[in-house]
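# Coordinates in review
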Amino acid sequence: GDKVAVKCDAGYNGSGDWTCGSNGKFTGTACTRKSCTANQVPNSDKKGSGSIKGKYGDKVAVKCDTGYDGGGAWKCDIDKNKKNDVKYKGPKCTPKPCKKTQVPNSDFVDKGSISGKIGDKPKNVKCDTGYNGGGNWKCDFVDKKKDKVKFTGKKCTRKSCKPTQVPKSDKS
């Protein structure tokens, strides 16, 4: 019988010849969706090795862990680098940033001079002479259930004088 060359669309397997049989019907390898290489998304509910699986066109919902932004739909789609291949693509889960801040009476006095995100190395705040506090300021949770973060650390407060008595005065 007659043969017809069939080329499957991108994202599908099965290209080849289809042959017209004696019954007048063509037979051949049907075009089927390609399987995506199993993948995972760090810092999410899909962080386990190979936890995202599927075929061309499939979507998988990804929820980021507490303290991370992003996530959403990951789709098995055409790999732009390898036109005849498919792979999962979607928004990654990145550490949640803290609102920039500053610490009066310290080396971080300028507005917004302390910046960073969850997991960053703490900033070592040094208080000005005559002030106590400072030390490590880090981006941390203030309400883990609501996924709220902010910089935490000791403020620089003025040192207080110890009570004293002055002999032969009204403060003796």
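Scroll up to find the structure this text is about.
One structure accompanies this document, and this report is about it. (Residues numbered from 1 in each chain as written. Predicted model: local features only at pLDDT ≥ 70, side-chain atom pairs only at ≥ 80, totals over all residues. Heavy atoms only, no water.)

Quick look at the overall build of the chain now. Of regular secondary structure, the chain possesses zero helices and 15 strands. Against the 2.2 N^0.38 benchmark of 16 Å for 172 residues, the chain shows a C-alpha radius of gyration of 31 Å, more extended than a compact globule. Viewed in the frame of its principal axes, the chain has a C-alpha envelope of about 125 × 25 × 20 Å. Sorting the 172 residues of the chain into buried and exposed places 22% on the buried side. At a minimum sequence separation of 6, the contacts of the chain that also span at least 24 residues come to 28%. With 39 positive and 18 negative side-chain charges, the chain shows a separation of 5 Å between the mean positions of the two kinds. (Helix = DSSP H or I, 4+ residues; strand = E, 2+ residues; numbered from the N terminus. Rg over C-alpha atoms; globule rule 2.2 N^0.38 Å. Buried < 20%, exposed > 50% of the residue type's maximum accessible area, 1.4 Å probe, protein only. Contact = heavy atoms within 4.5 Å. Lys, Arg positive; Asp, Glu negative; His and termini not counted. Charge placed at Lys NZ, Arg CZ, Asp CG, Glu CD.)

Relative to strand E14 (residues 131–143), strand E13 (residues 123–125) is paired through three bridges, and the arrangement is antiparallel. Each residue of the ladder has a partner; that of Asn124, found in E14, is Asn136. Where E13 hands over to E14, the hairpin turn is made up of five residues, of which Gly130 adopts a positive phi near 95°. The pairing of E14 with strand E15 (residues 148–158) spans eight bridges and is antiparallel. Bridge assignment links Asp143 to a residue of E15, and that residue is Lys148. Where E14 folds back onto E15 in an antiparallel hairpin, the turn is made up of four residues, including Asp147, whose phi is positive at roughly 60°. (Pairing = 2+ DSSP bridges.)

Scanning the model with the defined rule gives five disulfides in all. Here Cys98 is linked by a disulfide to Cys139, with a sulfur-sulfur distance of 2.0 Å. Of note, the bridge from Cys98 to Cys139 carries an S-S torsion of about 90° and is right-handed in sense. Of the two residues, Cys98 is situated in strand E11 (residues 97–101) and Cys139 in strand E14; the sequence distance between them amounts to 41 residues. Accessibility classification places Cys98 together with Cys139 in one group, the buried group. With its sulfur 2.0 Å from that of its partner, Cys127 forms a disulfide with Cys156. Judged by the sign of its S-S torsion, about -85°, the cystine formed by Cys127 and Cys156 is left-handed. One end of the pair, Cys127, is in the loop between E13 and E14; the other, Cys156, is in strand E15, with 29 residues separating them in the sequence. In the chain, the bonded cysteines, numbered by position in the sequence, are linked as 1-2, 3-5, 4-6, 7-9, 8-10. No disulfide involves Cys20; its nearest neighbouring cysteine sulfur is the one of Cys31, lying 18 Å away. Of all cysteine sulfurs in the structure, the one in Cys127 sits closest to Cys161, which takes part in no disulfide; the separation is 17 Å. (Disulfide = S-S within 2.5 Å.)

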